[in-house]
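As a plain string of letters, each chain reads:
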Amino acid sequence: MAVDHSLFSKKRSCALLSSSWMLLMMLCLHSSAARLNRLEWDSVIQLPSEPVDAETDEVGTRWAVLVAGSSGYGNYRHQADVCHAYQLLIKGGLKEENIVVFMYDDIANNELNPRPGIIINHPDGEDVYAGVPKDYTGEEVTTENLYAVLLGDKSKVEGGSGKVINSKSEDRIFIYYSDHGGPGVLGMPNMPYLYAMDFIDVLKKKHASGGYKEMVVYVEACESGSIFEGIMPKDLNVYVTTASNAQESSWGTYCPGMDPSPPPEYITCLGDLYSVAWMEDSESHNLKRETVKQQYQSVKKRTSNLNNYAVGSHVMQYGDTNITDDKLYLFQGFDPATVNFPPHNGRLEAKMEVVNQRDAELFFMWQLYQRSSNHQPEKKRHILSQITETVKHRNHLDGSVELIGVLLYGPGKGSSVLESVRATGLPLVDDWSCLKSMVRVFETHCGSLTQYGVKHMRAFANICNSGISERSMEEACVAACGGYDAGHLHPSNKGYSA
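This one's a predicted model, so the numbers in the text were calculated from it and none came from an experiment.

1. Section: the packing of aromatic side chains
And then number 1: Here the structure, examined in full by the defined rule, presents 12 aromatic pairs.
And then number 2: Note on Y73 and F364: the rings are 6.0 Å apart at their centroids and 55 degrees apart in plane angle, and the pair reads as tilted. Taken together, the residues Y73 in the loop between β1 (62-68) and α2 (76-91) and F364 in helix α8 (residues 360-371) connect sequence positions 291 residues apart. A single burial state applies to Y73 and to F364, both of which are buried.
And then number 3: Judged by centre distance (6.2 Å) and plane angle (75 degrees), the ring pair of F199 and F228 falls under edge-to-face. Of this pair, F199 sits in helix α4 (residues 196-208) while F228 sits in the loop between β7 (214-220) and β8 (238-242), and the two are 29 residues apart along the sequence. Residue F199 shares its accessibility class with F228, and that shared class is buried.
And then number 4: An aromatic cluster is defined as three or more aromatic residues linked by ring pairs; in this entry it consists of F174, Y176, Y218, Y274 and W278.

2. Structural notes on the pairing of β8
And then number 1: Most of β8 is tucked away, with 5 of its 5 residues classed as buried.
And then number 2: Here β7 pairs with β8 via 5 bridges, running parallel. Bridging across to β8, V219 finds its partner in T242.
And then number 3: Pairing analysis gives 4 bridges linking β8 to strand β11 (residues 316-319), with the strands arranged antiparallel. Paired with T241 across the strands is Q317, a residue of β11.

3. Some points on the state of the cysteines
And then number 1: If you walk through the whole model with that rule in mind, you get 3 disulfides.
And then number 2: C434 shares a disulfide with C464; S-S distance 2.1 Å. Across the S-S bond linking C434 and C464, the dihedral sits near -95 degrees, which makes this disulfide left-handed. Residue C434 is located in helix α11 (residues 432-446), and its partner C464 is located in helix α13 (residues 457-465); the two are separated by 30 residues in the primary sequence. The pair C434 / C464 is uniform in exposure class, with both members buried.
And then number 3: Across the disulfide from C446 sits C481; the S-S distance is 2.0 Å. The disulfide joining C446 to C481 has a torsion of about 90 degrees about its S-S bond and is therefore right-handed. Placement of the pair is C446 in helix α11 and C481 in helix α14 (residues 470-481), with a sequence separation of 35 residues.

4. So, the environment of Q367
And then number 1: Checked against the element boundaries, Q367 lands in helix α8.
And then number 2: Owing to a relative accessible area of 9%, Q367 belongs among the buried residues under this scheme.
And then number 3: Between the C-alpha atoms of Q367 and P256, which are 111 residues apart in sequence, the distance is 8.2 Å.

5. Considerations on the sheet that holds strand β10 (residues 271-272)
Strands belonging to one sheet form pairs held by backbone hydrogen bonds; the direction of such a pair is parallel or antiparallel.
And then number 1: The antiparallel open sheet is built from 3 strands, whose spatial order is β10-β9-β12. If you trace the sheet from one side to the other, it starts and ends with β10 and β12 (354-356), each paired once.
And then number 2: Pairing geometry for strand β9 (residues 251-253) and β10, over 2 bridges, is antiparallel. Across the sheet, the residue bridging to T253 is G271, located in β10.

What counts, and where the lines are drawn
Residues numbered from 1 in each chain as written. Predicted model: local features only at pLDDT ≥ 70, side-chain atom pairs only at ≥ 80, totals over all residues. Heavy atoms only, no water. Phe/Tyr/Trp six-rings, centres within 6.5 Å; stacked < 30°, edge-to-face > 60°. Helix = DSSP H or I, 4+ residues; strand = E, 2+ residues; numbered from the N terminus. Buried < 20%, exposed > 50% of the residue type's maximum accessible area, 1.4 Å probe, protein only. Pairing = 2+ DSSP bridges. Disulfide = S-S within 2.5 Å.

The structure is reproduced here in structure tokens:
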């Protein structure tokens, strides 16, 4: 029987074609799966030889200003925070000439420091003091110098290295501040303190000069949200996060007796909760992949102490939130050693033990007293007298403010007026000059507010907001504090905070 070869050939061709299509489909599916697989792995690990990021926005220079606003060994943690931040930025590739450091520099070689010449910011941490430039130290750490540095105005700088932020329109600036604060103010080791509206005015001037492309500001202090609440514009290309909202404390951590605890020879806290949260987050991530927004969210969670606000605070954000889409390396630089770091790190989600910033001073003094040798009775008595004097002045400040409220508004309204909190989005005070005047009147008759007493700034703001005259305020202060001997805590010794 004759065989139709053409038909067989057609059937074989169809079969071959069908097999080819099936093979091609399988290859495509395999290739797609491989690509998906690779994408999953790429988000976790990448070979050092591979390109890290597609972003090429490297135009301009990165600048940084780091400020520790306190002095004294009991405030060890603030200078430790700032030194740590400097090391992080240097590892990220920022140049020393573009980083300006403000710190009193009385910690590393303090007689109480168990490791002379060394500062640590974590119980198991390495030295963060080595190599930190002494740009502005001691009496040079002032608000006037800080403002001059930010504005790039060398003619207004007094003392120090003379280094300023001489930035251009295509540059980015990172500002980090760590210290005590109160409603509307941030502490400085030399008077006067930094007042919110003054700082905002400096930011406005810097923006008007075209001196940067974008700016990110991190602030560690009690009530630090009040520095920006209701007065921070959204059109300055400045993004801000703060350790707390306008009404709450921030927290010290890595203190003696806590878990984790500093090495046993330390009697003071090593860091602050918000500060170690952002720095340890930066050190554990590839900053060419992590955005400003992702860090904000991570730090917000950790600083809340897993949503326990009895021992945590509300991290806030202000200004231009469009900047949060930027990668962090644009401000903090990029450390090549982090190229293979994963996007998440579970060790940063553990609950932290903390102490209220305002109680950290007494915590330190008590540790000093407890560890003093019984063979040195004079030293122990001196420490005890310091604790007693500190507590007495605190009680005096609290009682004086309360009595002034009674004298100004009557027994039934005093505390409710002084302690009232304005609605979210409103500034602390309408007239910032009035606030400064009321503070000066109070300090003249009742003694310096100190880093503890600045918690009463809201009371003075409310006195202004209610229309009380300076004369009436002075009469109330004289009546409340007349005859009180503030001793070395009178502003005639260290200056007024306003």
